[in-house]
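Results of the structural survey
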Amino acid sequence: KVSDTKIILDGGETEGSFMTNENGQYHFDDLAMYNNYQLLPYKDDQATEGISTLDLVLIQRHILGIERLNSPYKLIAADANNSSSVTASDIIELRKLILGVNTKLPNNTSWRFVDAAYVFDDMTQPWPFAEALNYDGLETSMNASDFIAVKIGDVNGTISENLLGKTSNRSAQ
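Starting afresh in each chain, residues are numbered from 1 along the sequence in its written order. With the structure being a predicted model, the display of local features is reserved for residues of pLDDT at least 70 and the display and counting of side-chain atom pairs for 80 or more, all residues being used for whole-chain, interface and lining totals. Processing note: side-chain calculations cover all non-hydrogen atoms of the structure and skip hydrogens and water entirely.

Thoughts on the overall build of the protein chain
Secondary structure summary: the protein chain contains four helices and six strands in total. Each helix is a run of DSSP H or I of at least 4 residues and each strand a run of E of at least 2, with the numbering of both proceeding from the N terminus. The helix and strand sequence of the protein chain, counted from the amino end, reads β-β-β-α-α-α-β-β-β-α. When the 173 residues of the protein chain are sorted by exposure, 36% land in the buried category. Summed over its atoms, the accessible surface of the protein chain is roughly 10,300 Å², and 46% of this surface lies on carbon and sulfur atoms. Throughout, exposure labels follow a simple rule: accessible area from a 1.4 Å probe, protein chains only, divided by the maximum for the residue type, with under 20% read as buried, over 50% as exposed, and the rest as partly exposed. With residues, only the protein chains shown are counted as cover, and all accessible areas are computed by Shrake-Rupley using a 1.4 Å probe.

This is the structure we're talking about:
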């Protein structure tokens, strides 16, 4: 449910981009039949949103082998420098964001999107992954499957909770 995401439509006689609404939905009208189409989401704003020192600690624990990140989406989120691996360089890039040295990630976008139907060959090495939906020879109305939005740097999922309207409790403990 990520709003203000650009959905780029490429192929056929219709090319362009559309923005998702406040519920993360998008709609294309009148696509010509029997053409090939590709949908590619793109969002690169609010780079620091959802990123905290806890995320850095979790990435560090993963690198040191203390506690592995248990999801391909968390691994994708941890790969801040877009190197298809999780290393100390990712922590450095995220630390620069938190400290305000950088306002954007130099080699990555702040959001990545994975085709929701994509099956990872190796859950511990999710790269490369499908970031676009491809429709070859469109024969019927296209009901695009969802994308899974991954906020780069947010390995503990705080931005996801905010998007879903969940609240978190805090206490002295």
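Side note on the pattern of salt bridges
By salt bridge we mean one thing: a side-chain nitrogen of Lys or Arg within 4 Å of a carboxyl oxygen of Asp or Glu. All told, the structure shown has four salt bridges when counted by the stated rule. In this structure, the salt-bridge partner of Lys43 is Asp45, at a minimum N-O distance of 3.4 Å. Between Arg61 and Glu67 there is a salt bridge, with its nearest N and O atoms 3.4 Å apart. By relative accessible area, which is 30% here, Arg61 ends up partly exposed. Judged by its relative accessible area of 44%, Glu67 falls in the partly exposed class.

Considering the sheet that holds strand β1 (residues 6–11)
Should DSSP find at least two bridges between two strands, the strands are taken to pair. Ordered by their spatial adjacency, four strands build an open sheet running β2-β1-β3-β5, and the pairing between neighbours is antiparallel. Every interior strand has two partners, whereas the edge strands, β2 (16–19) and β5 (133–135), have only one. When the angles between neighbouring strand axes are averaged without regard to direction, this sheet yields 20 degrees. Alignment of β1 against β2, held across four bridges, turns out to be antiparallel. The partner of Ile7 across the bridge, within β2, is Phe18. Every axis corresponds to a line fitted to the C-alpha atoms, with the helix fit spanning only the stretch in contact, and the corresponding angles, defined between N-to-C directions, vary from 0 to 180 degrees.

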